[in-house]
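Single-letter residue listing:
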Amino acid sequence: MTTRPAHRTRPSRSGCSVRRTPRTRAAGAGAVVLLVLGASTACSSSSDDGSSPARGDTRVSGTVTVFAAASLTESFTTLGERFEKANPGTEVTFSFGGSDGLAAGITSGAPADVFASASPGTMKIVSDAGDATGTPATFVRNRLEIATLPDNPEGVSSLKDLTDAKLKVVLCDREVPCGVAAQTALDAGGLKLTPVSYEQDVRSALTKVALKEADAALVYRTDVRAAGDKVEGVDFPEAAEAVNDYSITLLEDAPNAEAAEAFVAYVRSDGGQRVLADAGFLTS
Amino acid sequence: MPADTSGTRTGTRKGLRKGSGPRRRRVGAAGGQGVPLPLLLPALLALAFLLVPLLALLVRAPWQSMPEQLTSPAVWQALRLSLVCATAATAVSLVLGVPLAWLLARTDFPGRGLVRALVTLPLVLPPVVGGVALLMALGRNGIVGQRLDQWFGISLPFTTAGVVVAEAFVAMPFLVISVEGTLRAADRRYEEAAATLGASRFTAFRRVTLPLIAPGVAAGSVLAWARALGEFGATITFAGNFPDRTQTMPLAVYLALQSDPEAAIALSLVLLAVSIAVLAGLRDRWLTAS
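From a predicted model like this one, the values you see are computed outputs, not experimental measurements. Here the residue index of a chain counts from 1 through its sequence in written order. A letter from A marks each chain and a number from 1 marks each ligand, given out in the order of writing. For this predicted model, a pLDDT threshold of at least 70 governs which residues receive local features, and a threshold of 80 or more governs which side-chain atom pairs are given and counted, while totals over whole chains, interfaces and linings are taken from all residues. Side-chain measures here rest on the full set of heavy atoms in the structure, leaving out hydrogens and waters.

K.L.:
When you look at the side chain of Arg 140 of chain B in this model, what are you seeing that I'm missing?
P.N.:
Along the chain, the position of Arg 140 of chain B falls in the loop between α7 (127-138) and α8 (145-152). Relative accessible area decides the class of each residue, using a 1.4 Å probe on protein chains only: under 20% of the type maximum gives buried, over 50% gives exposed, and in between gives partly exposed. Using a relative accessible area of 17% as the deciding quantity, one classes Arg 140 of chain B as buried. By definition in these notes, contact holds between two residues if any of their heavy atoms fall within 4.5 Å. If sequence neighbours within four positions are ignored, Arg 140 of chain B has contacts with Lys 168, Lys 212, Glu 213, Ala 214 and Asp 215 of chain A together with Gly 145, Gln 146, Asp 149, Ser 155 and Pro 157 of chain B. Secondary structure elements are defined from DSSP: runs of H or I of at least 4 residues count as helices, runs of E of at least 2 residues count as strands, and each element is numbered from the N terminus.

K.L.:
Looking at this structure, how should I read unusual backbone geometry?
P.N.:
Glycine aside, the phi torsion of most residues is negative, and most peptide linkages are trans. Phi at Asn 152 of chain A takes a positive value of approximately 45°, unusual for a residue other than glycine. Within the secondary structure layout, Asn 152 of chain A lies in the loop between β5 (144-148) and β6 (169-172). Positive phi outside glycine occurs at Phe 158 of chain B, with the angle close to 70°. The residue Phe 158 of chain B is located in the loop between α8 and α9 (160-185) in this model.

K.L.:
What am I meant to see in the nonpolar core here?
P.N.:
Considering soluble globular proteins, one finds that nonpolar side chains tend to be buried as a cluster. The term nonpolar core refers to a set of buried residues drawn from Ala, Val, Leu, Ile, Met, Phe, Trp, Tyr and Cys, joined through side-chain atoms within 4.5 Å. Within the largest apolar cluster, 71 residues are counted, with the highest numbers of intra-cluster contacts made by Leu 72, Phe 76, Phe 139 and Leu 162 of chain A. Those residues in contact with Phe 76 of chain A, other than ones at most four positions away along the chain, are Val 66, Ala 68, Phe 94, Phe 96, Ala 116, Phe 139, Ile 248, Phe 263, Val 267 and Leu 276 of chain A. Residues Met 172, Leu 183, Ala 224 and Val 270 of chain B belong to the second largest nonpolar core, which totals 42 residues.

K.L.:
Looking at this model, I keep getting lost on the packing of aromatic side chains. Mind explaining?
P.N.:
Working definition: an aromatic ring pair is given by the centre-to-centre distance plus the angle between the planes. Residue and element names in this part refer to chain A. A pair of aromatic rings is counted whenever rings of Phe, Tyr or Trp (Trp by its six-membered ring) have centres within 6.5 Å, and the orientation is called stacked for planes under 30 degrees apart, edge-to-face for over 60 and tilted otherwise. Counting across every chain of the model gives 13 aromatic pairs over all chains. When the centroid spacing of 5.9 Å and the interplanar angle of 55° are considered together, the rings of Phe 83 and Tyr 266 count as tilted. Here Tyr 266 lies in helix α9 (residues 257-268) and Phe 83 lies in helix α3 (residues 73-86), a separation of 183 residues in the sequence. Ring centres of Tyr 246 and Phe 281 lie 5.2 Å apart, and the angle between their planes is 75°; on these two criteria the pair is classed as edge-to-face. Here Phe 281 lies in the segment after α10 (270-278) and Tyr 246 lies in strand β10 (residues 244-250), a separation of 35 residues in the sequence. For Tyr 246, a relative accessible area of 0% gives the class buried. For Phe 281, a relative accessible area of 3% puts it in the buried group.

K.L.:
Is there a simple way to explain the pattern of salt bridges in this structure?
P.N.:
Here the idea is simple: oppositely charged side chains can pair when their charged atoms come close. By salt bridge we mean one thing: a side-chain nitrogen of Lys or Arg within 4 Å of a carboxyl oxygen of Asp or Glu. Applying the stated criterion across every chain yields a total of 12 salt bridges over all chains. The partner of Arg 203 of chain A in a salt bridge is Glu 74 of chain A, and the shortest N-O contact between them spans 3.4 Å. Within this pair, whereas Arg 203 of chain A is found in helix α7 (residues 202-210), its partner Glu 74 of chain A is found in helix α3, the two being separated by 129 residues in sequence. We note a salt bridge from Arg 184 of chain B to Glu 180 of chain B, for which the minimum N-O separation is 2.8 Å. One end of the pair is Arg 184 of chain B and the other is Glu 180 of chain B, both in helix α9 and four residues apart, which spans about a single turn. Looking at Arg 184 of chain B, the relative accessible area reads 42%, which means it is partly exposed. Within this structure, Glu 74, Arg 203 and Asp 223 of chain A form a network of salt bridges that share partners.

K.L.:
Help me understand the sheet that holds strand β8 (residues 216-220) of chain A in this model?
P.N.:
Strand pairing in a sheet is mediated by backbone hydrogen bonds. Such pairs are either parallel or antiparallel. All names here are of chain A. Here we have five strands laid out as an open sheet, ordered β7-β6-β8-β5-β9, and mixed in their pairing. Every other strand in the sheet has two partners, leaving β7 (197-199) and β9 (232-234) as the edge strands with one partner each. On average, each strand axis in the sheet is tilted by 35° relative to the strand beside it, whichever way the strands run. For two strands to count as paired, DSSP must find a minimum of two bridges between them. One ladder, built from three bridges, connects β6 with β7; its direction is parallel. Each bridged residue has a counterpart across the sheet, and for Cys 172 the counterpart in β7 is Glu 199. Angles shown run from 0 to 180 degrees and are taken between the N-to-C directions of axes, each axis being a line fitted to C-alpha atoms and, for helices, limited to the stretch in contact. Of the strands in this sheet, β5, β6 and β8 are in contact with helix α6 (residues 177-188), which crosses β6 at around 115°. Contacts from α7 reach β5, β6, β7 and β8 within the one sheet, and its direction differs from that of β8 by about 145°.

K.L.:
For this particular structure, what's the right way to read the confidence of the model for chain A?
P.N.:
In regions of low pLDDT, the predicted coordinates are not meant to be interpreted in detail. For chain A, per-residue confidence averages 80 on the pLDDT scale, and residues scoring 70 or more make up 80% of the total. pLDDT is a residue-level measure of predictor confidence that goes from 0 to 100. The model gives residues 1-57 of chain A a pLDDT under 50, and that stretch makes 81 contacts with residues more than four places away or in other chains.

Given below as structure tokens:
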């Protein structure tokens, strides 16, 4: 096998990555695991012909399969592209989804290299099952923000404003991480809030505001950032009480452990942290 | 006139009996000797494929904690809401769908084939897409919903009425198709006879056609009701999720699965039991009636 030139065109990644938009996510949780398993199988087989043999100790190559929380979609896609450019011969494929679904995929044997979870609880599922190597590291944190309609027509300036019965507010369901965070923030402020809906995940809560069906939602700061000018973000002090830790780990049965380790290091490097900070994450 | 209608009714019953007789005999023959292996094996596989997942629910059910799971008020709220909304959606489908089926079966207008195809679209459309479409049409910011909000102060998303709308959207095609099929199969001569006796078209529909097609309407209603009961995608997309207002059983199951799989299994069993009970109950009534 000849060494490929560094400027070769990257093989298309679209065949491997599973991008689930908030709208399709409602379609069924059961399908998630299947999707994840199917996608990762396809990816690992493509790595056989897409990878070139490692040339030295410091050079990594081949496909790195990363399972990452949906809220990391934009920033990790960017990180993947930069990592590939910095390490010619590597290819990063992603499977983005709800952390719980991804964890279920990993514990049932999906061949992934790296797992990045949006909550410590979900990461614990994976490490308890013995699928993580070492101690998962917190690499960013995310905090809540109020998403309102553009230009904030209702003049929302605090968490307390949301308790106004005239406002249609959506929260995440208490079963999912962003709902837990929302409840923690409300408790911290000693506030009671009756939303019009408990949405199944953070992106669908945001979507209800972006579609102007709801007046406000409690979502992550990064989601507000990702939505661009469709919503406006309002910071509130209680959010400091409900900060989500995102952790990342190399997986025990990683098909490509060397490159995966390099990717984890890249995410935690200064350059990686800058990309995440730009997306609105809190870095340390 | 009354003599006429009762005549048609017995006619229907006879027709039904005739229809179900041979079918039953054929099933009996297949159960006997001489079933080719290439048919039997896939058939058994199909049976297993359909039944094993349901059995798995029973096997994995948390029987010990079942009583407390099922006596929680949240479960009853969701179940009651599911039953009420599915029934309301079926009522909406009946009131609007039967006339539509009649239009498709009994009148001729340009583009009828196209209209019929469009009517069945929600059948094959992913429910989530239906939910998005409903949001765009009837949401607070939707093309029709905007007006509803401005003129009448009506906003459908996040309300129980929104659940009924979402369920009716996905369930009505089942009723329309079922009723239209029955109308096409029904003998038009009875209607014509009623017309020659001086009945208006609407009277003929009400007094002759409707009793004639009652079994088809009933079958369509049950299909629509069952579809509405299981509706998930359109409901969560269009009506959101709030306990006792828009959280139906399928939504409760989905959300419970995120953190408490045992609760999800328990809830699923309830829905399964309700579905079986209703189907069995109605099947019985149909059989004894025919």
